[in-house]
Every structure is written in structure tokens, then in C-alpha cells.
Amino acid sequence: MKKLLLSLLITGLSASFATAQWNRYLDEVYSDVTVTNDVEYGTNWSFLFPNPLPGFSLKTDVYEPTGDNETDRAVVIVLHTGNFLPRYLNRSPSGDKSDSSIVVSSELFAKRGYVAFAPNYRMGWDAANVDQTYGADIRRGTLISAVYRALGDVRSLVRYIRKTVAEDGNPYGVNPDNIIVYGHGSGGYVSLAYGSLDRIEELENEATGKWLSTTTTPNGAFTLNELFVNTEVDGNIDGFGGTNNDTNHFGYSSDVLACVNVGGALGDSAWIEVGEPPIISFHVPDDGFAPFIQGLVIVPTTQEVVVDVVGSRWASGKVNELGNNDALYGSNPYTDPYTIRANAALSGSHLAYSNQEELLNLNPEEYKGLFPFIVPSIAPYPFEESSPWDWWDEQVVLANAAPYIGGAVEAQALYDGSIAGSPGMSAARGRAYLDSIQGFLAPRLRQLLMQDVSVEENDFVSSNLFVYPNPANDYLVVKSNKGIRVTDVEIYDITGKMVRTENGLNKLSHQINGINQLPSGLYLVKVTTDQGLVTRKVFVD
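Residues numbered from 1 in each chain as written. Predicted model: local features only at pLDDT ≥ 70, side-chain atom pairs only at ≥ 80, totals over all residues. Heavy atoms only, no water.

**Q** Now, about the overall build of the protein: what can you tell me, with residues and values included?
**A** Helices and strands together make up the secondary structure of the protein, namely twelve helices and 17 strands. Taking 541 residues into account, the globule formula puts the C-alpha radius of gyration at 24 Å, and the protein, at 24 Å, falls close to it. In terms of principal-axis extent, the alpha carbons of the protein reach across some 85 × 75 × 50 Å. Here the protein holds 541 residues, and the buried ones make up 55% of them. Long-range contacts, defined here as pairs at least 24 residues apart, represent 69% of the contacts in the protein between residues at least 6 apart. Within the structure as shown, the protein displays about 23100 Å² of accessible surface, and the carbon and sulfur contribution to it stands at 53%. Where the 37 positive side-chain charges of the protein centre and where its 64 negative ones centre are 5 Å apart. (Helix = DSSP H or I, 4+ residues; strand = E, 2+ residues; numbered from the N terminus. Rg over C-alpha atoms; globule rule 2.2 N^0.38 Å. Buried < 20%, exposed > 50% of the residue type's maximum accessible area, 1.4 Å probe, protein only. Contact = heavy atoms within 4.5 Å. Areas by Shrake-Rupley, 256 points an atom, 1.4 Å probe, with all protein chains shown as cover. Lys, Arg positive; Asp, Glu negative; His and termini not counted. Charge placed at Lys NZ, Arg CZ, Asp CG, Glu CD.)

The structure is reproduced here in C-alpha cells:
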């Protein structure tokens, strides 16, 4: 009898364990979370003050499911909002890894079996500059530079995670191939850029020149007709090199599996290209700070224009058009209540509160991975509500903000202004939105994580290497996924003669310019990587 009871107990425990593993990433299979605070993942230069300062410590909090002994868990990097300025100094109660919505999001991911990393990243946007001659360039230039540096910091964290697996005994028990970037507000801007901006040429080639300075600023930070981003100072797109930049964890891949945007926008839809990570977005269509379709970023306190960007609807349409989001969907359609709500919002009509423009009335099949949250208008407030998932405690804000912004009166004004912009704010409301975000994400991310990746190396390289555009008439891009590094590219004409070669690259993405100098016709592009050879046929117009 004892043996039978023991056998039944073992069987029950095994079944419970199997159920937990089967439901990992889909349901909350753990009740408690263990948090390690302020883990240093790198150092870099701070640009928060007029003169850059070295030695700034980049720190992250780490959230793990308590009692989970798995060693190949997926990772979610959870990025806070904040307008690239410190919390309270940005005239907001949000802007740090300790924000309520970031802490709870990280806990919710950990309870589903992920390891969540919630980092702080570098700040430094001169949003309030209103100089008549240089102000526009300073506002725009410091914003794109701040995004670029934050992007470098998150890439440093991705490489740090991989380094801990390879060199430090995998202390967090993670699978280095399964890393997802997730961001709120400004963090959503960074997440979208992470999944799309991977070559400096994507800034240089922008048709309107919006990433080029129109003046030479007195402090020499920006130069007439040159990119706002100075790679000689800030390092290359991967965060390597640069006089005022620390190279963190060189030799490890910065690739990620997917990017999630909650209330952010994208500098340019042209950054999104075939073969890049899937993108999932959550957005309030009437958002007054990050446009849902396309529009101007405006400084809330001064009403000054910064730059034209595209929002979640535009980005989602592009990734679906290119097929990048196909990996989130299996053969069976999702029938969960969150998908039903998202599809109903997408297909229904919603006229913008500001100008009666139709914002939705879309085909959900063309916008897979987009969940619009429609909230009531708060007019006559000058901006519609943008982040109903955020909340904060009045007494905490008043006590902590006062020393930074000039005392109790200013702190009260900050709090009152925040409530005016989110009059229904509460912990219960914020958690309800975060539950909806998690419910929509869970099956899609799990679908991505559970896919069979046991393919032969040549097939693996072939399926993760892209050569485009095709046909080509100006330039050609060679891009890889999964950490595959492109070392050499050779182009042959139809007679077998090599007409172009570029060697010693060691890159994840490389652009070959001057393709228009080749005669029109069919060419063979031979790409050598650190994991094998791939050939592609390309037609040159």
C-alpha cells in the first residue's frame, strides 16, 4: 500500500511538473518571484549633462520564478518609459526601472516562467531647448542620439546575458537564443528601433534628410548636413568603438527573437526590412505623444515640434506585409478572449477625437500582432491619454519628486498634471491593462519559442540569411539572424566572372553600395559566414 501511495505521489508530482512545463510562457505557473537588484551589466559615458562623463554604471534588476530550476529559460528585457530624462526631471512620475508598471510586468513575465531583466539605460534629451536658430536641431539631434545610446545599452545587456551563459556558468538559467525585448513608452521606441535599425545607412538614406542637422550648433555637437548620430563619438550600430563609448562584451551576438512595443513609435518605417524580428504592438489610437499612424513628436511642456515618426499601425502593417510576423502564428487561429478583443477593435470603426480621422476599420489579418486600446476622451486636456497601464502613488511622488524639481509645490503640480492626463489612473486599472497585454502576448511568444529549430547547419544558415532588395538598382543588403556573422561577400555575373568582392566584414548586416554601376542582369551573390556558405540570385535593374 505504501509503495502504491508513493507511486501515485511520484506520478502526481511528475504530472504537475509536466503541466507546468507545458504551460510555461502561456500561464502563470509560478506564484512567487525572486528579484536581484542593481546587477551591473556594463559601463558607459553619461550624456545627461553638457559635458559627457565616463564611468556610468549600467544596472538591471533580474526577476526569476521562485523554485524554478530550469536552465534554458527564455528572457524578456523590460524597458521603462521616461522621455530619455530622469524620472521627475522629465515632469512625469514615470521613468525608471522601479516604475510600478515595469515592476509588475517583470513579475508577470517571471510567473509565466521567463527570466525578466529590467534595466536602466542612459538618458540625455534636451527637449526644452527653444533657441530660434538651433533649437529644432538640438531637440531632434539629442532625441535620436538618446535613442541610439539607449539602443547600445540594451544591446550591451543582450550580450551580457549571453556572456553570463558562456563564461559565468549561466547563473540566471537562461537560453541565450531566446531573448525578447519589451518596452513601455520611450522603451517602446527603443524596442521598435532594436528590431529594425541595424545599419547606419538606414539613417543616411532617409529620403527627407530628417536625421541630418540643418545647422552647426555652437557647442559642436551637430554639424550642418551631417548625421546627428556621430559614430566616431557614440560607436557603431552595435555599440562598439567611439571616443565617448565603452565597448561592452565584444564577441557576443546582439540578436533577439522578437520585439514588443507598448505605446512607442518608430523613427522611420523604412527601417523595417524582411527577415527582421517579429513585432507585437499595443497602442492607444488617440495617443497624444506617440502617433498611432504617423505624426509629429511634440514636447509636451513647450509644444515645440521634434520629428515626424510612424506609429504602431504603420509598423504593424509593414512587418505583416513582409511576413516578419508569420512566425508568431501557427496553423490554428487564436481564439482566446484577448485576440477576439484585439480583432474587434481593429475591424471596428474609431474616429480620432481630435479631427474625426478614421484610425481603425482594418483587416485584422493584415495587422496581426497589433492590439489597439480604445480609451475615453479626456478633452479639453491638450493631449489624449496615452498609457492607461501606468500608475503611481501620490505620497511617493510628492516625497520623491520634491528634492529634484524645486520643492513641495512643484511636486504637487507634477502630480496634478499627471492625474489630469490620466484621470482614471489606479493600480487596479493599470494591472487590468497589463493582464490584457500579457494575455495577448502569451500564445504568440510561446508559439515563437516552441518552434522546432533542430535543422542542419547549412539549412540553418540559409533560412537565417537575407539578401535584398531584389531586384536591386542602388544598393544591396546582406543581413543575418541568430548571431550568424557575415565575413565575405562575392558577386558573380552570369558568365561566372567575379565583379565585386567585400572581405573581412565580421558583421550581422552589411550594405553594398554602387550596385547601379553594374550592368543590368542576373547575378550570383556568394555569402561566406562563420557557419557556412550561402548563395543567392539577384537581378540588377
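**Q** Summarise the environment of Glu-206; cite the residues concerned and give the values.
**A** Among the secondary structure elements, Glu-206 is positioned in the loop between α5 (201–204) and α6 (231–234). Relative accessible area serves as the criterion here: at 12%, Glu-206 is assigned to the buried category. Ignoring sequence-local partners within four residues, the contact set of Glu-206 consists of Trp-211 and Asp-268.

**Q** Talk me through the pairing of strand β2 (residues 53–65); I want residue IDs and the actual numbers.
**A** Across ten bridges, strand β1 (residues 33–46) lies against β2 in antiparallel orientation. Bridging across to β2, Thr-43 finds its partner in Ser-57. Linkage of β1 to β2, two consecutive antiparallel strands, is achieved through a turn of six residues. (Pairing = 2+ DSSP bridges.)

**Q** Break down the packing of aromatic side chains for me, citing the residues and quoting the values.
**A** Per the counting criterion, the structure on display carries 18 aromatic pairs. Between the aromatic rings of Phe-282 and Phe-371, the centroid separation amounts to 6.1 Å while the plane-to-plane angle is 40 degrees, which identifies the pairing as tilted. One end of the pair, Phe-282, is in strand β7 (residues 279–283); the other, Phe-371, is in strand β10 (residues 370–372), and 89 residues separate them in sequence. Assessed through its relative accessible area of 2%, Phe-371 is described here as buried. (Phe/Tyr/Trp six-rings, centres within 6.5 Å; stacked < 30°, edge-to-face > 60°.)

**Q** Pulling in residues and values, what's your account of the environment of Met-498?
**A** Checked against the element boundaries, Met-498 lands in strand β14 (residues 498–502). Spatially, the C-alpha atoms of Met-498 and Tyr-523 are 9.6 Å apart, while their sequence positions differ by 25 residues. Setting aside anything within four residues of it in sequence, one finds Met-498 in contact with Glu-490, Ile-491 and Tyr-492.

**Q** Requested: an account of the side chain of Arg-122, with residues and values cited.
**A** Considering the arrangement of structural elements, one finds Arg-122 in the loop between β4 (115–119) and α3 (135–167). A polar atom in the side chain of Arg-122 sits 3.3 Å from the side chain of Asn-44. One polar contact links the side chain of Arg-122 to the main-chain carbonyl oxygen of Trp-45, over a distance of 2.8 Å. Beyond its immediate chain neighbours, meaning those up to four positions away, Arg-122 contacts Asn-44, Trp-45, Phe-47, Phe-56, Leu-58, Arg-149, Asp-153 and Asn-245. (Polar contact = N/O pair within 3.5 Å; in protein donor to acceptor, adjacent residues only side chain to side chain.)

**Q** Residues and numbers for the nonpolar core, please.
**A** Counting 59 residues, the largest nonpolar core has Ile-77, Phe-84, Phe-117 and Ile-161 as the members making the most contacts within it. Looking at this core element by element, the count peaks at twelve residues for α3. Those residues within four positions of Ile-161 in sequence are excluded, and the remaining contacts are Val-75, Ile-77, Phe-117, Val-174 and Ile-179. With 50 residues, the next largest nonpolar core counts Ala-74, Ala-342, Ala-401 and Ile-437 among its residues. (Core = buried A, V, L, I, M, F, W, Y, C linked by side-chain atoms within 4.5 Å.)

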